[in-house]
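Results of the structural survey
Single-letter residue listing:
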Amino acid sequence: DAGVTQSPTHLIKTRGQQVTLRCSPKSGHDTVSWYQQALGQGPQFIFQYYEEEERQRGNFPDRFSGHQFPNYSSELNVNALLLGDSALYLCASRRGRQAVWSYTFGSGTRLTVV
Amino acid sequence: EDQVTQSPEALRLQEGESSSLNCSYTVSGLRGLFWYRQDPGKGPEFLFTLYSAGEEKEKERLKATLTKKESFLHITAPKPEDSATYLCAVQANYGGATNKLIFGTGTLLAVQP
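What this report covers is the structure whose coordinates are included nearby. Each chain has its residues counted from 1, following the order in which its sequence is written. To label them, take the chains in the order written and letter them from A, then take the ligands in the order written and number them from 1. This being a predicted model, a pLDDT of at least 70 is required before a residue's local features are given, and a value of 80 or more before pairs of side-chain atoms are given or counted; all residues contribute to the totals for chains, interfaces and linings. Water and hydrogen atoms were dropped before computing side-chain values, which therefore reflect all heavy atoms in the structure.

With that settled, consider the overall build of chain A. Helix and strand assignments follow DSSP, with helices taken as H or I runs no shorter than four residues and strands as E runs no shorter than two, numbered in order from the N terminus. Across its full length, chain A carries zero helices and 11 strands. Secondary structure of chain A in N-to-C order comes out as β-β-β-β-β-β-β-β-β-β-β. Relative to the 2.2 N^0.38 estimate, which gives 13 Å for 114 residues, the radius of gyration of chain A is 13 Å and therefore close to what a compact globule would have. For the C-alpha atoms alone, the extent of chain A along its principal axes is close to 40 × 25 × 25 Å. Per-residue accessibility, obtained with a 1.4 Å probe over protein chains only, is compared with the maximum for each type, and a residue is labelled buried under 20%, exposed over 50%, and partly exposed between these values. Looking at the 114 residues of chain A, the share that counts as buried comes to 48%. Throughout, a contact is declared for two residues whenever any of their heavy atoms are within 4.5 Å. A separation of at least 24 residues holds for 53% of the contacts in chain A among residues at least 6 apart in sequence. The Shrake-Rupley method, run with a 1.4 Å probe, gives the accessible areas here. Residue values count only the displayed protein chains as cover. Accessible surface, chain A as shown: approximately 5,400 Å² in total, 48% of it carbon and sulfur. Lys and Arg are tallied as positive, Asp and Glu as negative. Neither His nor the chain termini are counted. Throughout, a charge is located at the NZ atom of Lys, the CZ atom of Arg, the CG atom of Asp or the CD atom of Glu. Of the charged side chains in chain A, 11 are positive and 9 negative; the average position of the first set lies 7 Å away from that of the second. As a reference, a globule follows 2.2 Å times the number of residues to the power 0.38, and the radius of gyration itself is taken over C-alpha atoms.

Rendered as structure tokens:
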């Protein structure tokens with residue numbers, strides 16, 4: 001049973017560019033959340049998608065946007081990249097939006113902005 | 001402001017030397033507290049969910065406990081393969097929205113043979 005799949009695994013971008021990260025949730029999961037983890041820090045919540053809509057958002061600027069597709073997969077887009085956007089971007093999925101179930105995390109995409 | 005604090009930041013143990021990691025939290029309306037293990041360059045791996053004060057859960061050499069203000073992750077007779085960063089996270093009730101996890105900064109555990 002495949003878990004959460006993220007692509008690409010590593011990415012290097014130049015300041016000012018745009019990037020798209022992709023996530024396929026675990027089989028049977030319909031809710032996807034995105035987190036940003038800077039080096040030495042805990043993951044920070046970016047936003048969550050359920051039924052193709054953004055349901056809750058953390059303290060991130062509008063440069064961060066997302067999308068969820070009918071097959072529950074999701075994309076994270078970041079525009080006008082800054083050096084401070086360099087981090088590990090994690091996708092987490094679970095079944096159901098409001099329940100207190102454990103999240104399954106992917107291995108992440110390591111984004112480096114130069 | 002909701003907050004999760006983990007201590008110590010780093011812990012070095014000898015194989016077989018038991019110890020505990022601490023996670024203190026300040027949130028309104030706790031729905032659940034989660035422990036995750038994270039290996040370098042990997043995503044967090046789920047260990048436990050605790051829902052209410054007094055609850056305990058065990059898995060192999062790990063035991064998690066919960067009070068109204070903090071949680072402990074007890075490691076009994078650790079092995080080198082237990083070396084990892086251990087993350088604590090809480091899910092709280094935000095006016096009906098319970099979606100996000102608030103993480104601590106983690107405890108980096110190194111177990112030497």
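Here we take up the sheet that holds strand E3 (residues 19–24) of chain A. Residue and element names in this part refer to chain A. Pairing between strands is defined by DSSP: at least two bridges between the two strands are required. Overall, antiparallel pairing links the four strands, which are arranged E1-E3-E8-E7 in an open sheet. The two strands at the open ends of the sheet, each matched to only one other strand, are strand E1 (5–7) and strand E7 (64–68). With strand direction ignored, the average angle separating the axes of adjacent strands in the sheet is 20°. The sheet contact formed by E3 and strand E8 (residues 74–78) spans five bridges and is antiparallel. What sits directly across from Thr20, in E8, is Asn77. Axis definition: a line fit to C-alpha positions, over the contact stretch in the case of helices; interaxial angles, taken between N-to-C directions, run 0 to 180 degrees.

With that settled, consider the state of the cysteines. Residue and element names in this part refer to chain A. The criterion for a disulfide is a pair of cysteine sulfur atoms lying within 2.5 Å. Enumeration according to the criterion identifies two disulfides over all chains in this entry. Across the disulfide from Cys23 sits Cys91; the S-S distance is 1.8 Å. Its S-S torsion of about -60° marks the bond between Cys23 and Cys91 as left-handed, since a negative value means left-handed. With a gap of 68 residues between them, Cys23 in strand E3 and Cys91 in strand E9 (residues 87–94) connect regions that are remote in the sequence. Comparing Cys23 with Cys91 shows no difference in burial state: the two are buried.

So, on to the side chain of B:Thr49. With respect to the element layout, B:Thr49 can be found in strand E5 (residues 45–50). Contacts of B:Thr49, omitting those with residues within four sequence positions, involve A:Ser102, B:Leu33, B:Phe34, B:Glu55 and B:Lys57.

Residue and element names in this part refer to chain B. The strand order E1-E3-E8-E7-E6 describes an open sheet built from five strands, whose pairing is antiparallel. The sheet is open, and its two edges are formed by strand E1 (3–7) and strand E6 (56–59), each paired on a single side. The mean angle between the axes of side-by-side strands here comes to 15°, regardless of whether they run parallel or antiparallel. Examined bridge by bridge, strand E7 (residues 62–66) and strand E8 (residues 70–75) share five bridges and lie antiparallel to one another. Among the inter-strand pairings, Ala64 is bridged to a residue of E8, identified as Leu73.

Centre-to-centre distance and the angle between the planes together describe a pair of aromatic rings. Under the pairing criterion, centres of Phe, Tyr and Trp rings, with the six-membered ring standing for Trp, must be within 6.5 Å; the plane angle then separates stacked pairs below 30 degrees from edge-to-face pairs above 60, leaving the rest tilted. In this structure the tally under the stated criterion is 10 aromatic pairs over all chains. Judged by centre distance (5.3 Å) and plane angle (85°), the ring pair of A:Phe47 and A:Tyr49 falls under edge-to-face. Looking at A:Tyr49, the relative accessible area reads 5%, which means it is buried. By the ring-pair criterion, three or more aromatic residues cluster together here, those being A:Tyr35, A:Phe45, A:Phe105, B:Phe34, B:Tyr36, B:Phe46 and B:Phe103.

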